[in-house]
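This is what each chain is made of:
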Amino acid sequence: MALELGLHELFTACQYEPSILPPVDVLERFEALYKRYPALTRRQWGEDTSGRPLYSYHVEHGEETIFMYAFPDPGEAVGGTGLLALLRLLLDPDSYMASLPYRWVFVPCLNFVDQPDKGRSLRKLMKTASQEVDWCVSAPRPETTAVLDIADTYKPIFTFPLHDEYHHRRYVAPYIGLAKPIDEDIAMRVRTLFTDHGVELDREYCSEPMGEGFFLMPEIGEEYLNSTFHHCAHYGQVLVVEIPSQSELPDVILTYLQLVTGLIICMS
Ligand SMILES: [Zn+2]
């Protein structure tokens, strides 16, 4: 019942930003909230190759950490706007989300240097291998090191890298990756959430016991061992929710589907 309250709240919070925002706008809104709310703190984890500081923003309501980072790759924009929606709830003492006993650690734009048009647009594009930050632990970029350091510092019970397929020019059905299996009934609940909005999870992915639309990261093979996901999985669950570029669904629904999948899996 309490979880339903959280889902409802998130749905309302997602309406606050009617469109998915480019990185510069997300970062500006994070900074504005940081200046306004003393409960929102900030910590630096080095800087990127352009000299820009890599910041995480924290709301501390408990000891156990939930770690989320947006814009891990170029044009993967859904999660940045989702983080803003969630942050606004966490800063509202009357919200259900603010009553949950967690330390929330958010990086609003992890990979700024590779974003199109200096972070000012939502242009569709495909990343190159050299633009990745999550798959190069053996030769880490500053952004990779930031993720690893945050993980080692806070040992997050739940890490939610906000990757998506929103950057694609064509439609790619949504699919969900996990470091560790979840129960069949929780997977079914997530699948139903998507079908209720007229979207089917990609049936090409299928890991038991979760079924269609889900894959287990260790099944990727050796490459997985070189990923931040593998590192973060030492401390807890790791989830990616690959939200499509889907013109028929309003942006607020794309943002909501990604966030709520995270909440359902994290809370169950
Ligand atoms: Zn990605």
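Up top is the structure.
Throughout this description, residue numbers start from 1 for each chain and increase along the sequence as written. Totals for whole chains, interfaces and linings use all residues, but because this is a predicted model, local features are given only for residues with pLDDT of at least 70 and pairs of side-chain atoms are given and counted only at 80 or more.

1. Considerations on the pairing of strand β10 (residues 237-242)
At step 1: With five of six residues buried, β10 is to be regarded as a mostly interior element.
At step 2: Think of it this way: DSSP has to see at least two bridges between two strands before they count as a pair. Runs of H or I in DSSP of at least four residues are treated as helices and runs of E of at least two as strands, each being numbered from the N terminus. Two elements, strand β5 (residues 158-161) and β10, share two bridges in a ladder whose sense is parallel. Across the sheet, the residue bridging to Phe-158 is Gln-237, located in β10.
At step 3: Relative to β10, strand β6 (residues 175-178) runs antiparallel, the two sharing four bridges. Across the sheet, the residue bridging to Ile-176 is Val-241, located in β10. For every residue, the other C-beta atoms within 10 Å of its own C-beta are counted; 20 or more classify it as buried, 12 or fewer as exposed, and values in between as partly exposed. C-beta atoms are placed from the backbone.

2. A few points about the sheet that holds strand β3 (residues 64-69)
At step 1: Strand order across the open sheet formed by eight strands is β1-β2-β4-β3-β5-β10-β6-β9, with mixed pairing between neighbours. In this open sheet, the two strands that pair with only one neighbour each are β1 (41-47) and β9 (214-216). Sheet twist, expressed as the average angle between the axes of neighbouring strands with direction ignored, equals 20°.
At step 2: Of the pairings in the sheet, the one linking β1 to strand β2 (residues 53-60) comprises five bridges and is antiparallel in character. Its bridge partner lying in β2, Gln-44 is registered against Tyr-55.
At step 3: Lying on the sheet, helix α8 (residues 251-267) is in contact with β3, β5, β6 and β10; it crosses β10 at an angle near 155°. Axis definition: a line fitted to C-alpha atoms, limited for helices to the stretch in contact. Angles are taken between N-to-C directions and run from 0 to 180 degrees. We call two residues in contact whenever the C-beta atoms placed from their backbones are within 7 Å.

3. Notes on unusual backbone geometry
A negative phi angle characterises most non-glycine residues, just as the trans form characterises most peptide bonds.
At step 1: In this model, Glu-208 is joined to Pro-209 through a cis peptide bond whose omega is 5°.
At step 2: One non-glycine residue, Phe-71, adopts positive backbone phi at about 50°.
At step 3: On the secondary structure map, Phe-71 appears in the loop between β3 and α3 (78-90).
At step 4: Notably, Asp-117 is not glycine yet its phi reads approximately 55°, a positive angle.
At step 5: Its place among the elements puts Asp-117 in the loop between β4 (102-107) and α5 (142-154).
At step 6: Since 11 C-beta atoms lie within 10 Å of it, Asp-117 is described here as exposed.

4. Quick word on the packing of helix α6 (residues 184-196) against α8
At step 1: Packing of α6 against α8 brings their axes to within 10 Å, and their N-to-C directions diverge by 165°. Classified by the interaxial angle, the pair formed by α6 and α8 is roughly antiparallel. As for the relative orientation of α6 and α8, their crossing is right-handed in sense. Residue-level contacts link Ile-186, Arg-189, Val-190, Leu-193 and Phe-194 of α6 to Leu-257, Val-260, Thr-261, Ile-264 and Ile-265 of α8.
At step 2: Polar here means any residue outside two lists: the nonpolar Ala, Val, Leu, Ile, Met, Phe, Trp, Tyr, Cys and Pro, and the charged Asp, Glu, Lys and Arg; Gly therefore counts as polar. For the contact of α6 with α8, a count of residues per class yields eight nonpolar, one polar and one charged. By the definition adopted for this analysis, an angle is roughly parallel if under 35 degrees, roughly antiparallel if over 145, roughly perpendicular if from 65 to 115, and oblique otherwise. In this scheme, a crossing is called left-handed if the near helix is turned counterclockwise away from the far one by less than a right angle; it is called right-handed if the turn is clockwise.

5. Points about the nonpolar core
At step 1: Definition of nonpolar core: a set of buried Ala, Val, Leu, Ile, Met, Phe, Trp, Tyr and Cys residues joined via C-beta atoms within 7 Å. Core analysis: the biggest nonpolar cluster contains 68 residues, and Met-68, Ala-70, Leu-86 and Leu-178 have the highest contact counts within it.
At step 2: With eight residues, α3 is the largest single contributor of residues to this core.
At step 3: Here Met-68 is in contact with Leu-83, Phe-106, Phe-160 and Leu-162, once residues within four sequence places are set aside.

6. Digging into α5
Turn by turn, an α-helix covers 3.6 residues, leaving residues three or four places apart pointing in a common direction.
At step 1: Expected span, for any helix, means 1.5 Å times one less than how many residues it has. If you check α5, its first and last C-alpha atoms are 18 Å apart, about what 13 residues at 1.5 Å a residue would give, namely 18 Å.
At step 2: Residues Glu-143, Thr-144, Ala-146, Val-147, Ile-150 and Ala-151 constitute the buried set of α5. Down the axis of α5, the buried side of the element spans an arc of 160°, and every buried residue falls inside it.
At step 3: At its buried positions, α5 is contacted by β1, β2, β3, β4, β5 and α7 (228-232). It is the directions from the helix axis to the C-beta atoms whose arc is reported.

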